[in-house]
Amino acid sequence: AQTVTQSQPEMSVQEAETVTLSCTYDTSESDYYLFWYKQPPSRQMILVIRQEAYKQQNATENRFSVNFQKAAKSFSLKISDSQLGDAAMYFCAYGPDSGGGADGLTFGKGTHLIIQP
Amino acid sequence: EAGVTQSPTHLIKTRGQQATLRCSPISGHTSVYWYQQALGLGLQFLLWYDEGEERNRGNFPPRFSGRQFPNYSSELNVNALELEDSALYLCASSFASTYSYEQYFGPGTRLTVT
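Residues numbered from 1 in each chain as written. Chains lettered and ligands numbered in written order. Predicted model: local features only at pLDDT ≥ 70, side-chain atom pairs only at ≥ 80, totals over all residues. Heavy atoms only, no water.

### Things to note about the sheet that holds strand β3 (residues 19-24) of chain B
All names here are of chain B.
Turning to step 1, where the next piece is worked out: Reading across from one edge, β1-β3-β8-β7 is the order of the four strands in this open sheet, with antiparallel pairing throughout. Because the sheet does not close on itself, it has two edges, and the strands there are β1 (5-7) and β7 (64-68). Mean inter-strand twist for the sheet, computed between neighbouring axes without regard to direction, equals 20 degrees.
Turning to step 2, where the next piece is worked out: Bridging between β1 and β3 involves three bridges; their strand directions are antiparallel. Bridge pairing in β3 links Gln 6 to Cys 23. (Pairing = 2+ DSSP bridges. Helix = DSSP H or I, 4+ residues; strand = E, 2+ residues; numbered from the N terminus. Axes fitted to C-alpha atoms, helices over the stretch in contact; angles between N-to-C directions.)

Listed below in structure tokens is the structure:
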């Protein structure tokens, strides 16, 4: 079974600074997807960024980028120029390849990100 | 384009009762996933429906069941409610079973069992 571990229950960063959220996972598969989701107080889960395991290039979406280390099974999220609107719970998730959603996505327990003005 | 919708927003039930939660996927999506997010925990996979059939379920007792209708909307039923069933229940949809890596989430239903 796949597992996802987020070792930082809470992180705090000054507005406009950079913060990195950590995530490790365990799987015996070679093809899979990794995700970072954001859940603000409104509860809506919002996809921040997705990484395909077969791609060596790290995914980037505006101020959000990942550091994907496949051999180390590590998948960290870097948020640059942090903004007050970035405050939320961030979940790292693992998903199967396009062969089907048999087990759904596997989520970590989340990191609560606080942005200090 | 409308996103995934869920109803009701909040639901308060008494232990032993039954709860019914509803989900409407994005138009054109055929797969629906249900997740439970208990306090302090990440999301736990509950059920997966595709093309009207239950395809898989997570490690939850049979009290958790549901169905998918011909219009691909879905219903989650929780029977004989227990206090620990109190949680946020999230529904997600994807274009098809082969697009499970692209799930779009609804806003959730907060179920409180007293």
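This is not the end of the story, as more comes after the structure.
### Observations concerning the interface of chain A and chain B
Turning to step 1, where the next piece is worked out: Facing the 22 residues of chain A at the interface are 26 residues of chain B.
Turning to step 2, where the next piece is worked out: Both sides of the chain A and chain B interface together cover about 1900 Å² of buried area, and 52% of this is carbon and sulfur.
Turning to step 3, where the next piece is worked out: Here chain A and chain B share one salt bridge between them.
Turning to step 4, where the next piece is worked out: Where chain A meets chain B, there are seven residue pairs in polar contact (both at pLDDT 80 or more). (Contact = heavy atoms within 4.5 Å. Buried area = accessible area lost by both parts, 1.4 Å probe. Salt bridge = Lys/Arg side-chain N within 4 Å of Asp/Glu carboxyl O. Polar contact = N/O pair within 3.5 Å; in protein donor to acceptor, adjacent residues only side chain to side chain.)

### Considerations on the state of the cysteines
Residues and elements named next belong to chain A.
Turning to step 1, where the next piece is worked out: The tally for this structure, following the rule as stated, stands at two disulfides over all chains.
Turning to step 2, where the next piece is worked out: What pairs with Cys 23 in a disulfide is Cys 92, and their sulfur atoms sit 2.0 Å apart. A torsion of -70 degrees about the S-S bond marks the disulfide between Cys 23 and Cys 92 as left-handed. One end of the pair, Cys 23, is in the loop between β3 (19-21) and β4 (24-26); the other, Cys 92, is in strand β10 (residues 88-96), with 69 residues separating them in the sequence. (Disulfide = S-S within 2.5 Å.)

### Remarks on the packing of aromatic side chains
Turning to step 1, where the next piece is worked out: Under the definition given, this model contains 15 aromatic pairs over all chains.
Turning to step 2, where the next piece is worked out: Residues Tyr 37 of chain A and Phe 105 of chain B carry aromatic rings whose centres are separated by 5.3 Å and whose planes lie at 80 degrees to one another, so their mutual orientation is edge-to-face. Placement of the pair is Tyr 37 of chain A in strand β5 (residues 32-39) and Phe 105 of chain B in strand β10 (residues 104-105), with the two residues belonging to separate chains.
Turning to step 3, where the next piece is worked out: On the basis of relative accessible area, Tyr 37 of chain A is assigned to the buried category, the value being 1%. (Phe/Tyr/Trp six-rings, centres within 6.5 Å; stacked < 30°, edge-to-face > 60°. Buried < 20%, exposed > 50% of the residue type's maximum accessible area, 1.4 Å probe, protein only.)

### Topic: unusual backbone geometry
Turning to step 1, where the next piece is worked out: The residue after Ser 7 of chain B, namely Pro 8 of chain B, is reached through a cis peptide bond having omega -5 degrees.
Turning to step 2, where the next piece is worked out: You will see that Lys 73 of chain A, though not glycine, has its phi angle at about 55 degrees, which is positive.
Turning to step 3, where the next piece is worked out: Mapped onto the fold, Lys 73 of chain A is located in the loop between β8 (64-69) and β9 (74-79).
Turning to step 4, where the next piece is worked out: Positioned with a positive phi, Asp 81 of chain A is a non-glycine residue whose angle comes to about 50 degrees.

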